[in-house]
Amino acid sequence: MQLTADQRTRLEELIELTAKSRALRHEHENPIEGPKLQELIERHKALSAEKAAAAEVIAGFESETAELTAAIDKQAAQIAKKTTELNDGTGLTSRDLVHLQEEIAAHEAKVAEFEDTELATMERLESAQAEMAGIDTRIAEVTEQGRTTQTAIKERKAALAEDMDELGSQESQLKADLPPELVRRFEGNVAEGGPGAAIIAGPHCQACGQEISGATWHQWLSEDPNEVHTCEECEAVLLRRA
Ligand SMILES: [Zn+2]
C-alpha cells in the first residue's frame, strides 16, 4: 500500500492528534486536582473523628458538672434543714446544739470543696468547647476547599471532554481521507495502547521499540518512502521518514 503525498501529511497529522487525544483522555481519567481532593476527603474524615472525640469529652465534663451541682444542692438542703433546727432549738441540749453546728460546718466545707471541683471542671469544659469550635471551623474550611476543588475538577473535565470531541471529529475527517485498511490497523494499534502509526528514521519501530531486521530494512529503503509497512511486533502502521 502506497500513500499519496497528501495522505502522508494526513497520516502525520493523525498521529499528532491521536497523541493529543490520549494525553487529554489521561488527564480526564486522572484529574490533576484528584489527589488534592482525596487529601481533603481524608482530612475531613480525620476532623470528623476528632469532633466525635471532643464531643465525648464535653459530654463527660457536662455530666460531671451536673453531678456536682446536684451534690451541692443536697448539701445546701442539709444546711437549711439543720440551720432551722438550730434556730428553733426546741428540746435540744447545748451538746446537741454544738453537734448541729459542727454538722453544718461539715456540710459547708463539703459545699466549698464541691464548688472548687465544679469550677475546675467548668474551666476544662470551656476549653473543650473552644477546641470543638476550632474543629468546627477547620471542618468548614476543608468542606469549602473540597467543594471548590470538586467544582474545578468538574469544569476541567467538561473542558477536556469538549476538546476530545473536537479532536475526535478532526481525526474522523483525516481518517476519511486515508485507506480503510490503514485506518483499521491504525485503530487496532491505538486500541492496544499504541500511537497507531509511527514515522521511522531507522530500523526500529517507534511505537514499540522492536528492531526491524537488516534485510527488511534494506528492502524498505529501496522502496518509495510513502510505502506503508506494519510492525511485526505491535502491528503499528510504519512509514519511513521521507
Ligand atoms: Zn512496533
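Residues numbered from 1 in each chain as written. Predicted model: local features only at pLDDT ≥ 70, side-chain atom pairs only at ≥ 80, totals over all residues. Heavy atoms only, no water.

Participant: Hey, could you run me through the overall build of the protein in this one?
Facilitator: If you tally the helices and strands in the protein, you get five helices and three strands. Starting at the N terminus, the α and β elements of the protein follow one another as α-α-α-α-β-α-β-β. Summarising its shape, the C-alpha atoms of the protein cover approximately 135 × 35 × 20 Å along the three principal directions. Considering the protein as a whole, with its 242 residues, one finds that 30% of them fall into the buried category. Contacts in the protein between residues far apart in sequence, at least 24 positions, make up 72% of those at least 6 positions apart. Here the protein displays about 15,000 Å² of accessible surface, and carbon together with sulfur accounts for 52% of that area. (Helix = DSSP H or I, 4+ residues; strand = E, 2+ residues; numbered from the N terminus. Buried < 20%, exposed > 50% of the residue type's maximum accessible area, 1.4 Å probe, protein only. Contact = heavy atoms within 4.5 Å. Areas by Shrake-Rupley, 256 points an atom, 1.4 Å probe, with all protein chains shown as cover.)

Participant: Quick question: what am I supposed to make of the packing of helix α2 (residues 34-88) against helix α3 (residues 94-176) here?
Facilitator: When two helices pack together, their arrangement is given by the angle between the helix axes and the distance between those axes. For the pair α2 and α3, interaxial distance at closest approach is 6 Å and the crossing angle is 165 degrees. Comparing their axes, α3 and α2 come out roughly antiparallel. Viewed along their axes, α2 and α3 form a crossing whose handedness is left-handed. (Axes fitted to C-alpha atoms, helices over the stretch in contact; angles between N-to-C directions. Parallel < 35°, antiparallel > 145°, perpendicular 65-115°, else oblique. Left-handed = near helix turned anticlockwise from the far one by under 90°.)

Participant: Could you clarify how one ought to interpret the nonpolar core in this entry?
Facilitator: Soluble globular proteins tend to bury their nonpolar side chains together. Grouped together as the largest cluster of nonpolar side chains are 17 residues, with contacts concentrated most on L11, L182, F186 and V237. Elements that contribute at least two residues to this core include exactly α1 (5-29), α3, α4 (180-191) and β3 (237-240). Counting residues per element, this core draws most heavily on α1, which supplies five residues. When neighbours within four sequence positions are excluded, F186 is seen to be in contact with L11, L14, I15, T18, K175, P195, G196, A197 and V237. With 11 residues, the next largest nonpolar core counts L40, F61, L125 and M132 among its residues. (Core = buried A, V, L, I, M, F, W, Y, C linked by side-chain atoms within 4.5 Å.)

Participant: How do you make sense of the environment of T18 when you look at a structure like this?
Facilitator: Mapped onto the secondary structure, T18 falls in helix α1. Judged by its relative accessible area of 7%, T18 is buried. Remark: the alpha-carbon pair of T18 and G196, spanning 178 residues in sequence, is separated by 7.9 Å.

Participant: I tried to follow the coordination of the zinc ion on my own but got confused; where do I start?
Facilitator: Six octahedral donors around a metal ideally sit at 90 or 180 degrees from one another, while four tetrahedral donors ideally sit at 109.5 degrees. The zinc ion binds to the protein through C205 (SG), C208 (SG), C231 (SG) and C234 (SG), with metal-donor distances spanning 2.3 Å. The coordination sphere of the zinc ion comprises four donor atoms, whose angles at the metal cover 108 to 111 degrees; the geometry is tetrahedral. (Donors = N, O, S within 2.8 Å, 3.2 Å for Na, K, Ca; no water. Tetrahedral: all angles 85-135°; square planar, octahedral: opposite > 155°, others 65-115°.)

Participant: Which parts of the structure should I look at to understand α2?
Facilitator: In an α-helix there are 3.6 residues to a turn, and that puts residues three or four apart on one side. For α2, which comprises 55 residues, the first-to-last C-alpha distance of 81 Å matches the rise-based estimate of 81 Å (1.5 Å per residue) to within 8%. Buried within α2 are the following residues: L37, L40, L47, A54, I58, F61, T65, L68, I72, Q75, I79 and K82. Contacts made by the buried residues of α2 are with α3. (Expected span 1.5 Å × (residues − 1).)

Participant: Would you take a moment to explain a negative patch on the surface for this structure?
Facilitator: Side chains of E162, D163, D165 and E166 sit close together on the surface and give a patch of like negative charge. Here D165 is to be found in helix α3. (Patch = residues over 30% accessible without salt bridge, like charges linked within 9 Å, V, L, I, M, F, W, Y side chains within 5 Å. Salt bridge = Lys/Arg side-chain N within 4 Å of Asp/Glu carboxyl O. Lys, Arg positive; Asp, Glu negative; His and termini not counted. Charge placed at Lys NZ, Arg CZ, Asp CG, Glu CD.)

Participant: In this structure, what is going on with the environment of L182? I would like to understand it.
Facilitator: With respect to the secondary-structure elements, L182 resides in helix α4. The contact partners of L182, leaving out residues within four places of it in the chain, are M1, L3, L11, V228 and V237.

Participant: Would you explain the packing of α1 against α3 in this entry?
Facilitator: Orientation of α1 relative to α3, taken along the N-to-C sense of each, is 160 degrees, at an axis distance of 9 Å. The orientation of α1 relative to α3 falls into the category roughly antiparallel. Considering how the two elements wind past one another, α1 and α3 form a crossing that is left-handed. Between α1 and α3, the contacting residues are R10, E13, L14, L17, T18, K20, S21, L24, R25, E27 and H28 on the first element and R156, K157, L160, A161, D163, M164, L167, Q170, E171, L174 and K175 on the second. Residue composition of the contact of α1 with α3, by class: eight nonpolar, four polar and 10 charged. (Nonpolar A, V, L, I, M, F, W, Y, C, P; charged D, E, K, R; others polar.)

Participant: Before we go on, may I ask you to explain the side chain of T121 in this structure?
Facilitator: Take T121: it is sitting in helix α3. One polar contact links the side chain of T121 to the main-chain carbonyl oxygen of T117, over a distance of 2.8 Å. Those residues in contact with T121 that lie beyond four places of it in its chain are F61, E64, T65 and L68. (Polar contact = N/O pair within 3.5 Å; in protein donor to acceptor, adjacent residues only side chain to side chain.)

Participant: In this structure, what is going on with the pattern of salt bridges? I would like to understand it.
Facilitator: Summed over the entire model, instances satisfying the criterion amount to 14 salt bridges. The residue R10 makes a salt bridge to D177 at a minimum N-O spacing of 2.7 Å. Here the residue R10 occupies a position in helix α1, and D177 occupies one in the loop between α3 and α4, the gap between them amounting to 167 residues. The exposure class of R10 is partly exposed, given its relative accessible area of 25%. Under the relative-accessibility criterion, D177 is labelled partly exposed at 39%. Connected through shared salt-bridge partners, E181, R184 and R185 make up one network.

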